[in-house]
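The lines below spell out each chain.
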Amino acid sequence: MLLSILLSLEAIEGIEMRRREFLSSAVVGASAVALGGCHRAPKEEQQQVTQSKSKKVTLKLATSWPAHFPIMGTGVDQFAKRCFELSGGSLEIKVYAKNILVPALQVFDATSAAQIDAFHSGVYYWKGKNAAFSIFGGMPLGLTSEEMITWMKFGGGYELWRELYGKFNLYPLIGGTTGPQMGGWFKKEITQLSDLKGLKMRIPGLGGEVMKRLGVNPVLLPAGEIYTSLERGTIDATEWVGPALDSMMGFAKAAPYYYTGWHEPGSILEITFNKTRWEKLSSEHRAIITAVSEEMTGTMLQEFRYKNAQALQALPKYVKIKQFPKAVMDAAKEALDEVLHDESQKSEDFRRVLESYQAFSTLNRPWDDISTKNFLEIRS
Ligand code: CA
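Calculation notes
- Residues numbered from 1 in each chain as written.
- Predicted model: local features only at pLDDT ≥ 70, side-chain atom pairs only at ≥ 80, totals over all residues.
- Heavy atoms only, no water.
- Salt bridge = Lys/Arg side-chain N within 4 Å of Asp/Glu carboxyl O.
- Helix = DSSP H or I, 4+ residues; strand = E, 2+ residues; numbered from the N terminus.
- Buried < 20%, exposed > 50% of the residue type's maximum accessible area, 1.4 Å probe, protein only.
- Expected span 1.5 Å × (residues − 1).

Q: What is the right way to read the pattern of salt bridges from this model?
A: Pairing between side chains of opposite charge can happen when their charged atoms approach one another. Counted under the stated rule, the structure contains 22 salt bridges. Its salt-bridge partner being R351, residue E348 comes within 2.8 Å of it at the nearest N-O pair. Placement of the pair is E348 and R351 together in helix 16 (residues 348-379), with a separation of 3 residues, close to one helical turn. Take E348: its relative accessible area is 47%, and that puts it in the partly exposed class. R352 is the salt-bridge partner of D349, the closest N and O atoms lying 3.7 Å from each other. Linking D349 with R352, this pair stays in helix 16, spanning 3 residues, or about one helical turn. The class for D349 is buried, based on a relative accessible area of 16%. Taken together, the shared-partner salt bridges in this structure form one network comprising K81, R82, E85 and E295.

What follows is the structure, given as structure tokens:
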């Protein structure tokens, strides 16, 4: 009895220390709120917290990016650093760049099979595993980053994502988001729908599916081959991310028409754990990882915004920023409806996730119209 009281006191002291660290480092996550003074955890929760051992744990996390790749790679480096700091050194996450432990696009399988503990990647890469995963990655003409995160946290997205990833013994968390992406670099101007016919464009995911129905020939190329293919004319266009990362690739020299975005308004990245490994972590470590993943998501969005704004100003003068003609976007909307309909027919999971996504979208739109959209129009 005495021992258990002493252990509880030690745990509470630990929590109080952690609480101060959380507050002083301005982590504004759900866990920080849960540990705040105005909220008393229910009995079961307190029980779980007091049972936390928080002995030293080392996890292996593989990414789909080159080492310290700007924003995405540096973001996950910072994630590991913050987990280490907030746990007082008891949670060490070793980050491995792509192809060090496993190839870039095998991180999902390797984590599922417990060869590694976790990965940092993009959800849209795994639509071959389950078509519904492409919705969690982001939807053409769909939700923005902020809206995506809201759907995930409050609109049922997380529950569905975790249910479907659970079948692969995986536990996913949002691990960053890009904000709105640009529509891509084209060698020639697109003035009408027929200009797209027969174009070869590097564009993955649902955006690629839509483009295909507009006559484009979508191709998948690894990052390292895009510039050369564009320069040699093997492809006519490519999308990538936005000014900050696109500038590093030098696309402007080969394809100076830079189109505004429509196909990836709010793509999210993931930090995903092997589920068995996740459940064996102490509740303290799980709380830290959850809070830091939220911190990482916010920081990455802000970093993308800032660096895109800077890079836009620094684009060469010969770059021509264009909007797709209305006829092209109208055709894209129609094609998207067809794609979503067809995918829903083929996959029950896709239909269920889409239903939840669209329910949030319908709820959100009227408020967004009279708040953000209205304000941005006034401000401009
Ligand atoms: Ca992209």
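Q: For this particular structure, what's the right way to read helix 4 (residues 72-86)?
A: One turn of the α-helix equals 3.6 residues, which is why residues spaced by three or four share an orientation. Its 15 residues give helix 4 an end-to-end C-alpha distance of 21 Å, which sits within 8% of 21 Å, the value for a rise of 1.5 Å per residue. Buried within helix 4 are the following residues: M72, G73, G75, V76, F79, A80, R82, C83 and L86. Positive phi shows up at G88, right after helix 4, with a value of about 60°.

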